[in-house]
Every structure is written in structure tokens, then in C-alpha cells.
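For reference, the chains in residue letters:
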Amino acid sequence: MRDIGVGLLGLGNVGAGVVRLLYENATAIEARLGARLVIRGVAVRDLQKTRLAEVDASLLCTDPMELATRDGIDIVCELIGGEEFARDVVLAAIAANKQIVTANKALLAVHGEALYTAAEAKGVDLYYEAAVCGGIPIIRALREGLASDRVESITGIVNGTSNFITSAMASGGSSFEEILATAQREGYAEADPTLDVSGGDAAHKLAILAMLCFGTRVQLDAIHVEGIETLAEIDYAMAKKHGYVIKSLAMAKRLDAGIELRVHPAMVPQSWLLADVPDTKNAVYVDSYALGSSMYYGAGAGMMPTAMSVVSDLIEIGRNICANATGSMPLRSQRQLPATAVVPMSALRSHYYLRFSVEDRPGTLGKLTTILGEHRVSIANLSQRPMAEDTELIAVVALTHEAIEGDVQAALSSIADAGLSLAPPQLIRIAS
Ligand code: HSE
């Protein structure tokens with residue numbers, strides 16, 4: 001039986017999971033691949049560190065660049081994270097004719113162009129199932145399962161940490177900081193958790209998904225991104241009262257005018273499957289021409305789910321190596337893809353949840369609703385609640401009929417100019 005050499009760059013959480021899976025599932029993997037995946041080297045930062053997986057000390061080295069280009073390595077598995085160094089090492093590996101597996105969504109979202117171009121030119125495979133939604137085979141579903149279809153839109157919960165936080169905040173009892181600290185302890189959050197809570201990690205994933213769905217160039221900065229940091233307890237309570245659950249959604253949609261690309265918290269109707277996605281789980285709802293709606297659900301982060309995706313990529317590339325068919329999956333570089341217009345957020349049509357912090361004085365509500373009306377924002381429901389026992393402030397919450405985002409934003413500016421809302425208003429789009 002043929003041996004296929006694997007060089008592992010990084011032995012953190014996911015790297016350790018990959019080692020475990022390759023050792024523990026070796027027999028099944030050999031049977032499915034018809035070859036052996038053999039770890040020939042593991043690049044780590046610190047040789048003395050305690051590991052989450054047992055690796056023969058003779059396999060360890062501290063120079064990822066040397067390992068990535070070493071003879072006997074067929075597939076380089078990049079699990080070091082970060083952007084610039086990861087890009088350089090992957091480009092060097094491609095230049096040395098190595099096949100690539102990476103779990104690094106930031107790398108692909110930021111440097112995908114250079115990597116796809118290099119891999120295509122060399123005819124090597126570049127697989128990245130673990131980069132989006134951890135263990136859910138969403139890349140495979142889009143690239144192969146739906147290869148004959150035309151995706152119209154995707155709506156996903158693609159950041160486990162944000163979902164963990166919004167789910168726990170909705171249940172009440174713990175603060176944002178406490179819940180985030182738990183997500184960090186459990187190893188779900190990124191090294192810099194701002195990427196999770198600010199929507200940046202979800203935007204990286206959406207850029208990759210939208211490129212696959214629509215076959216179009218996607219610039220990261222064209223995605224409208226909002227995080228979950230400003231959501232308050234009262235927003236979760238009001239969502240529940242009105243039959244919604246707050247989720248951080250990543251959305252891409254094909255419209256006549258172009259594509260819509262956005263990541264932000266949204267009020268999701270309690271009846272939707274996406275409303276029932278708990279804790280760190282991820283889910284992607286896809287609407288496509290031939291299949292109709294389909295949904296992909298599972299663990300979006302964590303050691304073994306993410307390692308599973310990495311090892312499945314190793315197996316698939318291994319099959320390509322055995323069949324002399326590497327590079328057969330088209331990796332159209334961004335340059336070759338058509339650029340599609342991105343629809344500006346000001347053109348979005350949505351229903352809105354708007355919360356204002358106002359003084360409990362006669363006439364305030366009237367002025368507020370007048371300004372909204374002057375900007376063509378029609379109110380479907382209006383309620384008010386004290387903000388806290390020790391203040392004179394009340395929270396006024398308006399749920400709107402469908403409105404145009406540009407009009408809503410203009411109304412919020414006028415309300416700020418009139419000095420009506422004593423704290424920045426909260427705007428949450430209602431998913432429909
Ligand atoms: N920090 C990411 C998340 C890990 O919370 O979803 C998986 O990409």
C-alpha cells in the first residue's frame with residue numbers, strides 16, 4: 001500500500017485533533033483511501049510544550065518553512081493561523097509542488113487570490129473544508145453537492161462564539177464578559193476574540209461562501225459587518241416578547257442589482273430552524289434554484305469536529321494523488337472571476353427593531369414617531385419599558401413595517417440631531 005507523507009504545521013487544538021484522528025482512525029482511513037496517510041513531520045513553536053496529542057519526538061521541528069518544502073512531504077497541512085507568515089509558507093509549499101490543506105479562513109479571505117492563482121498554476125490541490133463552519137461539510141456541499149445548481153441566497157450562523165454568547169444572553173443570568181470568557185476557556189474563540197464578537201470571523205467565512213455560491217469576486221471590505229457587542233439584555237427580552245431570537249447572521253443574496261453581503265445581529269422568527277441553533281453550533285440555510293431550500297447543521301468549532309474536516313480533505317487529496325488527478329478541482333483565481341456589484345446597505349429593504357433611550361416627558365413619543373414618519377418609516381408596534389430603576393430614562397421600542405435602510409438611517413440621524421435619544425439608538429434588522 002502506498003504511503004502519502006503529511007507535514008503538519010501547528011500542533012494546537014486542531015492540530016492535536018488531526019493527529020488523534022489520523023492515528024485512531026488509521027484503519028478506516030486506509031480502507032477508504034487505498035493508501036496510508038503518514039505524518040512525516042510536525043512544526044511547533046516550542047519543542048518542550050505539553051501537547052494535547054502524543055507525537056513521536058523525532059517528528060517535531062521548529063521550522064515550518066523547511067517542513068513545508070521538505071522531500072517526502074506530499075501534503076502540507078497549514079494549522080498555524082495568522083495571515084502573512086501562513087501565506088508565505090503556503091506559497092513556498094505550492095512552489096515545491098506540495099498539495100495544501102488549510103483551516104485558515106482569514107488567510108483565504110485576505111490572500112485567497114495569490115494562493116488560488118499559485119495553486120492553479122502549479123496544478124496542486126488547495127482544500128479548506130475546516131475554514132468555514134468547522135466540522136460541517138459546507139464547502140463540499142456547495143462545491144460538489146450543489147455543483148449543478150444555482151444558489152440564490154445563503155443565511156448562516158457561522159461563528160460559534162457569537163452564537164454561544166447570544167444564546168446564553170437570551171437565557172439571562174450571565175454577563176457578556178463572563179460568557180465570552182467561557183467560550184475562550186473552551187477553545188471556541190479566536191486568539192483575538194474581537195474577531196468573533198465584531199463579526200470579522202463571520203465575514204471571512206462569508207467571503208469564502210459567497211465566492212463559491214456565486215462564482216464572483218468578493219472583497220472582504222465590501223461586506224457590511226456589525227458585531228454583537230452593543231446588544232443589551234433588554235434587546236434579548238424584547239426579541240422574546242415579540243416572537244424572535246437574536247442571532248448573528250451572515251447573509252449573501254443574489255439580486256438583479258448585484259449581490260447583498262452582510263453580517264449582523266438579526267431578529268430571527270422563533271419558528272425558523274435557524275432560531276433553534278444552540279450554543280456553539282453553526283448552521284447554513286441555502287436557497288437554490290433546483291434543490292430549493294436545504295440546511296447544513298453541526299459543530300462549527302472545536303478540536304475534533306474541525307480536525308475531522310481537515311482529515312477528510314487529506315483523504316480526498318490522497319485519492320487525487322493516487323489517481324494522478326491533483327489540481328482537477330477548478331480553483332478559479334479571483335482575477336478570472338467576474339466582479340459583481342455589491343448592493344449598498346442603504347438600498348436594503350427590511351423590517352427593523354429600533355430602541356431609543358428617551359426621557360419620560362410629555363411629547364417625546366410624538367416627536368419620535370413624527371420623525372420616523374417623515375422618513376417613510378412606518379411603525380407596526382410601539383412599546384416602552386423603564387431602562388433601570390434608578391433612572392428617569394425609558395426604552396422606547398419600535399418595530400417597523402418594511403422600510404428602506406437609507407430612510408431608517410436618515411431618521412436616526414434626525415432623531416439624534418433633535419437630541420431625543422439620550423444614548424445611541426439600537427437598530428436590529430428583522431429577518432424575513
Ligand atoms: N472562532 C470560531 C468560531 C472558530 O467561534 O466559530 C471556528 O472558526
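Now for a quick tour of the structure. (Residues numbered from 1 in each chain as written. Predicted model: local features only at pLDDT ≥ 70, side-chain atom pairs only at ≥ 80, totals over all residues. Heavy atoms only, no water.)

## Some remarks on the packing of helix 7 (residues 160-171) against helix 8 (residues 176-185)
- At a minimum axis separation of 9 Å, helix 7 and helix 8 run at an interaxial angle of 140 degrees. The orientation of helix 7 with respect to helix 8, classified from their angle, is oblique. The handedness of the crossing between helix 7 and helix 8 comes out as right-handed. Of helix 8, the residues touching helix 7 (which contributes Thr161, Phe164, Ile165, Ala168 and Met169) are Phe176, Ile179, Leu180, Thr182 and Ala183.
- Its residues placed into classes, the contact of helix 7 with helix 8 shows eight nonpolar, two polar and no charged. (Axes fitted to C-alpha atoms, helices over the stretch in contact; angles between N-to-C directions. Helix = DSSP H or I, 4+ residues; strand = E, 2+ residues; numbered from the N terminus. Parallel < 35°, antiparallel > 145°, perpendicular 65-115°, else oblique. Left-handed = near helix turned anticlockwise from the far one by under 90°. Contact = heavy atoms within 4.5 Å. Nonpolar A, V, L, I, M, F, W, Y, C, P; charged D, E, K, R; others polar.)

## Some details on the packing of aromatic side chains
- Considering all chains together, one arrives at two aromatic pairs under this definition.
- Between the aromatic rings of Tyr116 and Tyr128, the centroid separation amounts to 6.3 Å while the plane-to-plane angle is 45 degrees, which identifies the pairing as tilted. Pair noted here: Tyr116 is in helix 5 (residues 105-122) and Tyr128 is in the loop between strand 6 (126-127) and helix 6 (138-145), with a separation of 12 residues, a long-range link. The pair formed by Tyr116 and Tyr128 is uniform in burial state, with each residue classed as buried. (Phe/Tyr/Trp six-rings, centres within 6.5 Å; stacked < 30°, edge-to-face > 60°. Buried < 20%, exposed > 50% of the residue type's maximum accessible area, 1.4 Å probe, protein only.)

## Here's the deal with the side chain of Glu316
- Checked against the element boundaries, Glu316 lands in helix 12 (residues 303-322).
- Residue class for Glu316 comes out buried when judged on its relative accessible area of 15%.
- Within the structure, the side chain of Glu316 is placed 2.8 Å from the side chain of Arg140, a separation counted as a polar contact.
- Excluding residues within four positions of it along the chain, Glu316 makes contact with Tyr127, Arg140 and Glu144. (Polar contact = N/O pair within 3.5 Å; in protein donor to acceptor, adjacent residues only side chain to side chain.)

## Some words on the site of the ligand
- Around the ligand sit Lys105, Asn159, Gly160, Thr161, Tyr188, Ala189, Glu190, Asp196, Asp201, Lys205, Gly300 and Ala301, and that is every residue in its neighbourhood.
- The side chain of Thr161 places a nitrogen or oxygen atom 2.7 Å from an oxygen atom of the ligand.
- Tyr188 is positioned with one of its backbone polar atoms (N or O) 2.8 Å from a nitrogen atom of the ligand.
- Coverage of the ligand by the protein chains reaches 92% of its 260 Å² of free accessible surface.
- Placement of the ligand is best described as lying within the largest pocket.
- Every element with two or more residues in the shell around the ligand is listed here: helix 7 and helix 10 (200-214).
- For the shell around the ligand, the class distribution of residues is three nonpolar, four polar and five charged. (Near = heavy atom within 4 Å. Areas by Shrake-Rupley, 256 points an atom, 1.4 Å probe, with all protein chains shown as cover. 1 Å grid on protein atoms, 1.4 Å probe; cavity = no way out; pocket = protein on both sides within 12 Å on 5 of 7 lines; lining within 4 Å. Sits in = over half its atoms within 2 Å of the grid points.)

## Here's the deal with empty space enclosed by the protein
- Scanning the entire structure with this criterion turns up one cavity of 30 Å³ or more.
- There is about 40 Å³ of room inside the largest cavity.
- Taken together, Tyr127, Tyr128, Glu129, Ile139, Arg140, Arg143, Glu144 and Asp313 form the lining of the largest cavity.
- In terms of residue count, helix 6 provides more of the lining of the largest cavity than any other element does, four residues in total.
- Of the residues in the lining of the largest cavity, the class split is three nonpolar, no polar and five charged.
- Both domains that meet at the lining of the largest cavity, namely domain 1 (2-134 + 303-336) and domain 2 (138-298), each give it at least three residues. (Points joined across faces, edges and corners; volume = space filled by probe spheres on them. Domains from an automatic or database assignment.)

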